[in-house]
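Coordinates in review
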Amino acid sequence: MDYSKTGGPQKKGTNAPRHKEHNAKGSSKNPFGQSATKAELLARMKAAAEAKKQG
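All values derive from a computational prediction rather than experimental measurement.

1. Overview of the overall build of the chain
Counting its secondary structure elements, the chain contains 1 helix and 0 strands. For a compact globule of 55 residues, the expected C-alpha radius of gyration is about 10 Å, and the chain comes in at 24 Å, more than 25% above that figure. Summarising its shape, the C-alpha atoms of the chain cover approximately 75 × 30 × 15 Å along the three principal directions. Counting every position in the chain, which comprises 55 residues, the buried fraction comes to 0%. In the form shown here, the chain has an accessible surface area of approximately 6,000 Å², with 55% of it arising from carbon and sulfur atoms.

Below, the structure written as structure tokens:
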């Protein structure tokens, strides 16, 4: 007996994510075409290090 023909048709998978990320590209928190400058990143890293040292 040919068991490969039994059962319903197999569903093809979709190429869609299961959920949306909170900071996905193109969202309001992370819009396309905007990237922080090196000075902004460095200032943010220094502020985070200072806050960690303080508390």
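Having put the structure on the table, let's press on.
2. So, the pattern of salt bridges
Applying the stated criterion across every chain yields a total of 1 salt bridge. Glu50 is paired through a salt bridge with Lys53; the nearest N and O atoms lie 3.9 Å apart. Highlighted residues: Glu50 and Lys53, both in helix 1 (residues 38–54), separated by 3 residues, approximately one helical turn. Relative accessible area serves as the criterion here: at 65%, Lys53 is assigned to the exposed category.

Rules behind the numbers
Note that residues are indexed from 1 along each chain, following the sequence as it is written. Side-chain atom pairs in this predicted model are given and counted only at pLDDT of 80 or more, local residue features only at pLDDT of at least 70, and totals for whole chains, interfaces and linings cover all residues. Derived side-chain values reflect all non-hydrogen atoms in the structure, with water molecules and hydrogen atoms excluded from consideration. The helix count covers DSSP runs of H or I at least four residues long, the strand count covers runs of E at least two residues long, and both are numbered beginning at the N terminus. The reference for a compact globule is 2.2 Å times residues^0.38; the radius of gyration itself is calculated from the C-alpha atoms. Between buried and exposed lies partly exposed: a residue is buried under 20% and exposed over 50% of the maximum accessible area for its type, with that area taken using a 1.4 Å probe on protein chains only. Here, Shrake-Rupley sampling with a 1.4 Å probe gives the accessible areas, and only protein chains in the shown set may cover a residue. When a carboxyl oxygen of Asp or Glu lies within 4 Å of a side-chain nitrogen of Lys or Arg, that pair is called a salt bridge.

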